[in-house]
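Take a look at the letters that make up each chain.
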Amino acid sequence: GAGVSQSPSNKVTEKGKDVELRCDPISGHTALYWYRQSLGQGLEFLIYFQGNSAPDKSGLPSDRFSAERTGGSVSTLTIQRTQQEDSAVYLCASSQTGTGREKLFFGSGTQLSVL
Amino acid sequence: GENVEQHPSTLSVQEGDSAVIKCTYSDSASNYFPWYKQELGKRPQLIIDIRSNVGEKKDQRIAVTLNKTAKHFSLHITETQPEDSAVYFCADYSSASKIIFGSGTRLSIRP
C-alpha cells in the first residue's frame, strides 16, 4: 500500500470489553512497531516485530495486552478487559529492515476511548 | 541505552526567531539521531536525522547538531513560521529492537 494503514480510526468501548486494533504496514517492510500516545503525552513503546524473530514485548503494560503479526505483514494489537486508563491513541509504525538507523513510517493511529 | 531526555517540554518563540530543542542520550553506542514532527491530530513524521560520523546536518531552515562527547543532539529551527508549531520528538536507536522516543517538545510560534 501507499502507507501504513490502521483500523479502526476510532473505537469506543465499554470498560471490561476486549478490543482489537489492526495495522497494515507498508508492503515489504519487515519491522513493525506499536506505540501508545496518551492525550498530550509522548510515544510509549509497546511491542516490536522483526521478520520471523520473536517479538520484543518488553513495553506491554500488562498481560491484558497482546499482539500478533501474521505472515510477517498485518499485525493485531488486542487489549482484553479494557480499563479507562487504556484510553489513548495507538500508533503503528513500520520500517524497511528494522536494523535501526532508518526512517519509521507511522500510521494515522486508532483513537481508543474506554467508557 | 533506553534513556533519552528531551528539553524543554514546551517552547514558545516569536515568529521569525530561532528555536532549539535538545536531547541527551546515555548509550555511547548510539549512532543514529532522528527528529520527528507531529502536527496536531496527525501522525509523527521524520523531518531530519544525523548519523554519528557527522557533527551537523542542515535542510533549509532546520538543522541537527551532534555532540558525541557530551552525548547530546539538538534540533535547530531558524526563521520560525506558524507552520512550525507542532510537537517534536527525538529518538534513541541504541537498540534496534526498541526505538525509544523522547518525551516531546510542544513548540508554539507567536505571531
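Computed from a prediction, not measured in an experiment: that's the story for all the values here.

S.K.: Which residues make up the sheet that holds strand E1 (residues 4-7) of chain B, and what are the values?
M.R.: Residues and elements named next belong to chain B. Taken in spatial order, the five strands make up an open sheet running E1-E3-E8-E7-E6, and their pairing is antiparallel. For this open sheet the edge positions go to E1 and strand E6 (56-59), each flanked by a neighbour on one side alone. Direction aside, neighbouring strands of the sheet carry axes that sit 15° apart on average. Two strands pair when backbone bridges link them, and E1 and strand E3 (residues 19-25) are joined in this way by four bridges, in the antiparallel orientation. Among the inter-strand pairings, Glu 5 is bridged to a residue of E3, identified as Thr 24.

S.K.: An account of the interface of chain A and chain B is needed here, citing residue identities and associated values.
M.R.: On the side of chain B, 18 residues touch chain A, which itself brings 23 residues to the contact. Considering only the side of chain A, the residues that lose the most area to chain B are A:Leu43, A:Arg101 and A:Phe106, jointly responsible for 34% of the buried surface there. For the pair chain A and chain B, the interface holds zero salt bridges. Between the two partners, chain A and chain B, sit five residue pairs in polar contact (both at pLDDT 80 or more). When residues of the side of chain A that touches chain B are traced back to their parent elements, those giving at least two are strand E4 (31-37) and strand E5 (44-50) of chain A.

S.K.: Which residues make up the pattern of salt bridges, and what values go with them?
M.R.: Counted by the stated rule, this structure contains six salt bridges over all chains. The closest approach of N and O atoms between A:Glu44 and A:Arg36, which form a salt bridge, is 3.0 Å. On the accessibility criterion, A:Glu44 (32% relative accessible area) is partly exposed. For A:Arg36, a relative accessible area of 11% puts it in the buried group. The partner of B:Asp84 in a salt bridge is B:Arg61, and the shortest N-O contact between them spans 2.9 Å. Taken as a pair, B:Asp84 in the loop between strand E8 (72-77) and strand E9 (86-92) and B:Arg61 in the loop between E6 and strand E7 (62-67) lie far apart in primary sequence, 23 residues in all. What makes B:Asp84 buried here is its relative accessible area of 5%.

S.K.: Residues and numbers for the state of the cysteines, please.
M.R.: Residue and element names in this part refer to chain A. Following the criterion strictly, the structure yields two disulfides over all chains and no others. Paired by a disulfide, Cys 23 and Cys 92 hold their sulfur atoms 1.8 Å apart. Across the S-S bond of Cys 23 and Cys 92 the torsion is about -65°, and the bridge reads as left-handed. Here the residue Cys 23 occupies a position in strand E3 (residues 19-24), and Cys 92 occupies one in strand E8 (residues 88-95), the gap between them amounting to 69 residues. We note that Cys 23, like Cys 92, is buried.

S.K.: Would you mind going over the pairing of E8(B) in detail, with residue names and values included?
M.R.: Residue and element names in this part refer to chain B. Counting buried residues along E8, five of its six residues qualify, which places the element largely inside the surrounding structure. Pairing between E7 and E8: six bridges, direction antiparallel. Bridge pairing in E8 links Asn 67 to His 72. Here E7 hands over to E8 after four residues, with Lys 71 in that stretch at a positive phi of 60°.

S.K.: I'd like a description of the packing of aromatic side chains, backed by residues and values.
M.R.: For the structure on display, the rule yields 13 aromatic pairs over all chains. Ring geometry for B:Tyr25 and B:Phe33: centres 4.9 Å apart, planes at 40°, overall tilted. Comparing B:Tyr25 with B:Phe33 shows no difference in burial state: the two are buried. With a centroid separation of 6.4 Å and an interplanar angle of 85°, the aromatic rings of B:Phe89 and B:Phe101 are classed as edge-to-face. With a gap of twelve residues between them, B:Phe89 in strand E9 and B:Phe101 in strand E10 (residues 100-101) connect regions that are remote in the sequence. The two residues B:Phe89 and B:Phe101 agree in class, both being buried. Ring pairs connect the aromatic residues A:Tyr33, A:Tyr35, A:Phe45, A:Tyr48, A:Phe106, B:Tyr36, B:Phe89 and B:Phe101, which therefore count as one cluster.

Parameters at a glance
Residues numbered from 1 in each chain as written. Chains lettered and ligands numbered in written order. Predicted model: local features only at pLDDT ≥ 70, side-chain atom pairs only at ≥ 80, totals over all residues. Heavy atoms only, no water. Pairing = 2+ DSSP bridges. Helix = DSSP H or I, 4+ residues; strand = E, 2+ residues; numbered from the N terminus. Axes fitted to C-alpha atoms, helices over the stretch in contact; angles between N-to-C directions. Contact = heavy atoms within 4.5 Å. Buried area = accessible area lost by both parts, 1.4 Å probe. Salt bridge = Lys/Arg side-chain N within 4 Å of Asp/Glu carboxyl O. Polar contact = N/O pair within 3.5 Å; in protein donor to acceptor, adjacent residues only side chain to side chain. Buried < 20%, exposed > 50% of the residue type's maximum accessible area, 1.4 Å probe, protein only. Disulfide = S-S within 2.5 Å. Phe/Tyr/Trp six-rings, centres within 6.5 Å; stacked < 30°, edge-to-face > 60°.

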